[in-house]
Amino acid sequence: QLATFDGTHISIIPNPDMLGNVNENNFVSYKNALYFEYQSWTNTNTIPSNLQLAKYDGKKISLIPNPSDDGRVYFNGSNNLIMFDNALYFEYYNSEGGTIRGEDGKRQLAKYDGIKITLIPNPDVEGKINSEPFVFDNNLYCLYSNYNGGGQLGKLNPINGPIQLIDYKPVIAENIDPIFR
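Residues numbered from 1 in each chain as written. Predicted model: local features only at pLDDT ≥ 70, side-chain atom pairs only at ≥ 80, totals over all residues. Heavy atoms only, no water.

## Focus on the overall build of the protein chain
Looking only at helices and strands, one finds zero helices and 17 strands in the protein chain. Taking all 181 residues of the protein chain together, the buried fraction comes to 39%. Long-range contacts, defined as pairs at least 24 residues apart, comprise 34% of the intrachain contacts of the protein chain with a sequence gap of at least 6. Looking at the protein chain as shown, the accessible area adds up to about 10,900 Å², and 51% of this sits on carbon and sulfur atoms. (Helix = DSSP H or I, 4+ residues; strand = E, 2+ residues; numbered from the N terminus. Buried < 20%, exposed > 50% of the residue type's maximum accessible area, 1.4 Å probe, protein only. Contact = heavy atoms within 4.5 Å. Areas by Shrake-Rupley, 256 points an atom, 1.4 Å probe, with all protein chains shown as cover.)

Right under this line is the structure:
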């Protein structure tokens, strides 16, 4: 559970549901609130009913609705929720995407602008985001696995949002010193 400490007393913040819990990964301050992953449960089984982005405004925890009925936020490391260009970005597991290479659904980049979560289209139908997003040189990047499983660097298009795959130029053997061939 989330708690506050005023220097003397610890105060427990009530969860938005009876069985849910605050996941300990990725706390980010954004627009005067604390954002994190929340795992809600509908029963006492060991399978969570939902993983959602949550917001603590200093008074209560509220849950941000997922953009798809059968999807969930996908925080599996320590840097999955990042701020970029006045928005939060993270991986989203969209199980409405069908079965891809033995997985049900697909992983997509998601953007939270302070109002709602929007899914960023993948460059192809069968590929998926394969890493948490990261910022380099004032651009947002992620590793992308295309339909045949090959990895490629993806960059968020700042104009209209889709992920653009970065072209790479193969090294031509005749340009390499003969010692290294």
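Okay, back to it.
## Some words on the pattern of salt bridges
In this structure the tally under the stated criterion is one salt bridge. Measuring nitrogen to oxygen at the nearest pair gives 3.2 Å for the salt bridge that ties Glu-91 to Arg-107. With Glu-91 in strand β10 (residues 87-100) and Arg-107 in strand β11 (residues 103-112), this pair connects stretches of sequence that are 16 residues apart. Residue Arg-107 is classed as buried on the basis of its relative accessible area of 9%. (Salt bridge = Lys/Arg side-chain N within 4 Å of Asp/Glu carboxyl O.)

## Brief notes about the packing of aromatic side chains
Tallied over the full model, the rule gives six aromatic pairs. When the ring of Phe-134 is compared with that of Tyr-141, the centres are 5.8 Å apart and the planes differ by 20°; the resulting orientation is stacked. Residue Phe-134 is classed as partly exposed on the basis of its relative accessible area of 35%. Residue classification places Tyr-141 among the buried residues on the basis of a relative accessible area of 12%. Feature note: the residues Tyr-30, Tyr-35 and Tyr-112 constitute an aromatic cluster, connected by ring pairs. (Phe/Tyr/Trp six-rings, centres within 6.5 Å; stacked < 30°, edge-to-face > 60°.)

## A word on the nonpolar core
Counting 28 residues, the largest nonpolar core has Tyr-35, Leu-53, Leu-81, Tyr-89, Phe-90, Leu-109 and Tyr-112 as its most contacted members. When residues of this core are traced back to their parent elements, those giving at least two are β4 (28-30), β5 (33-40), β6 (50-56), β9 (82-84), β10, β11, β12 (117-120) and β15 (139-145). Per-element tally for this core: the top contributor is β10, with five residues. Not counting residues up to four positions away in its chain, the partners in contact with Leu-53 are Tyr-35, Phe-36, Ser-62, Leu-63, Ile-64, Val-73, Phe-75, Leu-81, Phe-90, Tyr-112 and Ile-117. (Core = buried A, V, L, I, M, F, W, Y, C linked by side-chain atoms within 4.5 Å.)

## A word on the side chain of Arg-107
For Arg-107, the side chain forms a polar contact with the side chain of Glu-91, separated by 3.2 Å. Ignoring any residue separated from it by four or fewer positions in sequence, one finds Arg-107 in contact with Tyr-74, Glu-91, Tyr-92, Tyr-93, Asn-122, Lys-128, Ile-129 and Asn-130. (Polar contact = N/O pair within 3.5 Å; in protein donor to acceptor, adjacent residues only side chain to side chain.)

## Description of unusual backbone geometry
At Asn-86, a residue that is not glycine, the phi angle is positive and equals roughly 60°. Within the secondary structure, Asn-86 is located in the loop between β9 and β10. Phi is positive for Asn-138, close to 60°, though the residue is something other than glycine. Inspection of the secondary structure puts Asn-138 in the loop between β14 (134-136) and β15. Judged by relative accessible area, Asn-138 falls into the exposed class, the value being 64%.

## Some remarks on a nonpolar patch on the surface
Judged by side-chain polarity, Phe-134, Phe-136, Leu-153 and Ile-166 come together as a nonpolar surface patch covering roughly 350 Å² of accessible area. Looking at the element boundaries, Phe-134 is found in strand β14. (Patch = residues over 30% accessible without salt bridge, like charges linked within 9 Å, V, L, I, M, F, W, Y side chains within 5 Å.)

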